[in-house]
2 protein chains.
Amino acid sequence: MGGDRAPEAPVAGAVAFARAHPDIDILLVGDVPRLAPLLKRVRPQNLSLHHAQDVVGMEASATDVRRRPDSSVSVAIRLVRDGNADAVVSAGHSGALLTAATLGLGRIEGVDRPAIAALLPALQHRRCLLVDAGANIECRPRWLAQFGVMGETYVRRVLGVARPRVGVLSNGEEPGKGTPLTRGAAELLAKSDLDFLGYVEGSDLFSGRVDVVVTDGFSGNLVLKTAEGTALGAAGLVRQLLQRSGAAERLGSMLLEPLLGGMRRVLDSAEVGGAPLLGVNGVAMVSHGSATPRAIENALKAAAEMVRVDLQGHLTDALRQAQGWLTGTPESGKPATEPGV
Amino acid sequence: MGGDRAPEAPVAGAVAFARAHPDIDILLVGDVPRLAPLLKRVRPQNLSLHHAQDVVGMEASATDVRRRPDSSVSVAIRLVRDGNADAVVSAGHSGALLTAATLGLGRIEGVDRPAIAALLPALQHRRCLLVDAGANIECRPRWLAQFGVMGETYVRRVLGVARPRVGVLSNGEEPGKGTPLTRGAAELLAKSDLDFLGYVEGSDLFSGRVDVVVTDGFSGNLVLKTAEGTALGAAGLVRQLLQRSGAAERLGSMLLEPLLGGMRRVLDSAEVGGAPLLGVNGVAMVSHGSATPRAIENALKAAAEMVRVDLQGHLTDALRQAQGWLTGTPESGKPATEPGV
């Protein structure tokens, strides 16, 4: 109910997903008198409505959700908490979802702070996962190390990358670079069983060199928005140059459309649909406030896949196994002589 | 002498610049026995050699330069200090230049920390200046406010923008966003006479909305490298899509070259040539270690322009006028009722 295009876009995306996946049940949580008319002629059998009378608007503060137990996001989180739903997808206030999910579902054992994981577009190489993309503005080294464990598990289990490479975002590759935060995180991750590359740079987000890039939520937001702005600017520049050079006319729409369409497909955030919230006890996807039906549909697909592969179970296992090196307990972490678990 | 392509690329760039600007004298500072053979047949009248027997290599620590008074960068800085040169351009170790310039030239009064100012490519809109692009990893609010004053002066005096708009890079536009650093900087800049927009986001670096973006050197490096990586990735994607769609053949080199050439020109850092080091008592340009002759030539052009418009004088004035609001002295800053100086 809370997004910029709510409730129309989420409803349309949910309907499209429900039709394509008759084996998956969709619960639309929100103001039934407003939702029902949108479904008059198009309601699939596997889509049902669940009433929530309140809405946390986009202008609210994230903590408002604590005092709004009847808001759609609070009700949806309770459905997951009580086992009546397997996952939640929201294009509403992302801070409210984060707060409601953290308080309502609790954290996976060994997680200090849940984080938002943003899957970047591939451009020429395979995708890179950025954690944290904005949930935690000021971080501690251990949190970043936990983001690394969770991001690695996501990329391995959901994206199927056999041995994801993990890096800490910094201002240069040499160990002397960075801040106390990045140095602390890198020291911890160097003790892990992960394929840890050390420091990586902003240019590596699209170089294909690394699969999981760990950072604080402030820096994560900066680089994510910078990449979006640069990609949009570059796409606009290409269009401008195509027109000026006369290439647009010469090519005609037959060839021009696949080119511009290809760029749109790669750059369009709707293709990813949303960002998983990693570290809470339940599957939750944060979609953009302006998510299109196509973005909602893709977010539902991603959420269903996270449930199918039992991501939560794998995250729980990975964090349990990481406790040794994360907390400095000597009996775990990288094995000295014998291979570990 | 210190860059990845030294001394050949700097020599070639200096020769090209000297030829095009017979009214400007160029001093090549370095190992004369190595430099002289490169100039055998091509030495313009206004280009002379100045010997420096030592070199700070790219692998050195920035502070090594303190113990290397005979290094090319130290000798070049002394030429500026003693009034024997008006500006220095270096494609060597940027940390060494920063250290040598700060120690050798001293800081402009009212500057706590000199900063690197990176001029971003325009893509579709006019250029944006990012300060600090990497000199100061951990910053204080007052330093960021000083970066704003210096960046605004640069854009106004060197780029000729009448009333540059200044923003603080943050993870959202609302005043509640950001970190203690960004909030402190924004509070200070809100008291200034600058056209201060408040917080801007990573996407604004190419949106044309802001002329000067202020940030700490860690974040500045992250977004600069991210923009570079995204732009390169997008350019590669365009080439790939052009080839796949058959457009490349259909267009032929007559139309394809202007397109790819246009992208190269916009994205190529050689077009900017280098980044000015703002806040030291002298004009200094930091070029990339792998700077091409064209980049060196453009860096020399920019340095000459900084001298021509008396940027140093304007920076000194601007910082003097900013002392009131920067230090909280009540008699200066934004006038309460009467218009100020």
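These remarks concern the structure in this document.

What counts as what
- Residues numbered from 1 in each chain as written.
- Chains lettered and ligands numbered in written order.
- Predicted model: local features only at pLDDT ≥ 70, side-chain atom pairs only at ≥ 80, totals over all residues.
- Heavy atoms only, no water.
- Contact = heavy atoms within 4.5 Å.
- Buried area = accessible area lost by both parts, 1.4 Å probe.
- Salt bridge = Lys/Arg side-chain N within 4 Å of Asp/Glu carboxyl O.
- Polar contact = N/O pair within 3.5 Å; in protein donor to acceptor, adjacent residues only side chain to side chain.
- Helix = DSSP H or I, 4+ residues; strand = E, 2+ residues; numbered from the N terminus.
- Buried < 20%, exposed > 50% of the residue type's maximum accessible area, 1.4 Å probe, protein only.
- Disulfide = S-S within 2.5 Å.
- Least-squares fit on C-alpha atoms with pLDDT ≥ 70 in both.

Opposite the 48 residues of chain B that make contact, chain A presents 48 residues. Between chain B and chain A lies a buried interface of about 4300 Å² when both sides are counted; carbon and sulfur atoms form 71% of it. At the junction of chain B and chain A, the tally comes to two salt bridges. In this structure, the connection of chain B to chain A is made through four residue pairs in polar contact (both at pLDDT 80 or more). Examining the composition of the side of chain B that touches chain A, we find that 20 residues originate from one element, helix α7 (residues 217–244) of chain B, more than from any other.

Moving on: the pattern of salt bridges. Residue and element names in this part refer to chain A. Taken as a whole and assessed by the stated rule, the structure comprises 24 salt bridges over all chains. In this structure, Arg68 engages Asp54 in a salt bridge whose closest nitrogen and oxygen atoms are separated by 2.6 Å. Taken together, the residues span a long stretch of sequence, with Arg68 in the loop between β2 (47–51) and α3 (72–81) and Asp54 in the loop between β2 and α3 at a distance of 14 residues. With relative accessibility at 23%, the residue Arg68 sits in the partly exposed group. On the basis of relative accessible area, Asp54 is assigned to the partly exposed category, the value being 22%. Salt-bridge contacts for Asp211 lead to Arg126; the nearest nitrogen and oxygen are separated by 2.9 Å. Of the two residues, Asp211 is situated in the loop between β7 (195–200) and β8 (212–214) and Arg126 in the loop between β4 (115–119) and β5 (129–131); the sequence distance between them amounts to 85 residues. The buried category is assigned to Asp211, whose relative accessible area is 1%.

This paragraph deals with the environment of Gln321 of chain B. Residues and elements named next belong to chain B. Relative to the assigned elements, Gln321 resides in helix α10 (residues 311–327). The class of Gln321 is partly exposed, set by a relative accessible area of 47%. Sequence separation of Gln321 and Gly282 is 39 residues, and the distance between their C-alpha atoms is 19 Å.

Quick look at the state of the cysteines now. Residue and element names in this part refer to chain A. What the rule picks out here adds up to zero disulfides over all chains. This cysteine, Cys128, is not joined by any disulfide, and Cys139 carries the nearest cysteine sulfur, 17 Å off. Exposure remark for Cys128: the relative accessible area of 2% places this residue in the buried category.

For the pair chain B and chain A, the best superposition has an RMSD of 0.0 Å and corresponds to a rotation of 180° with a translation of 0.0 Å parallel to the axis. Such a combination of turn and shift is consistent with a two-fold rotation axis. Residue by residue, 100% of the interface of chain B is reproduced at the interface of chain A, so both copies engage with the same surface.

In short, shape yes, function no, at least from these values alone.
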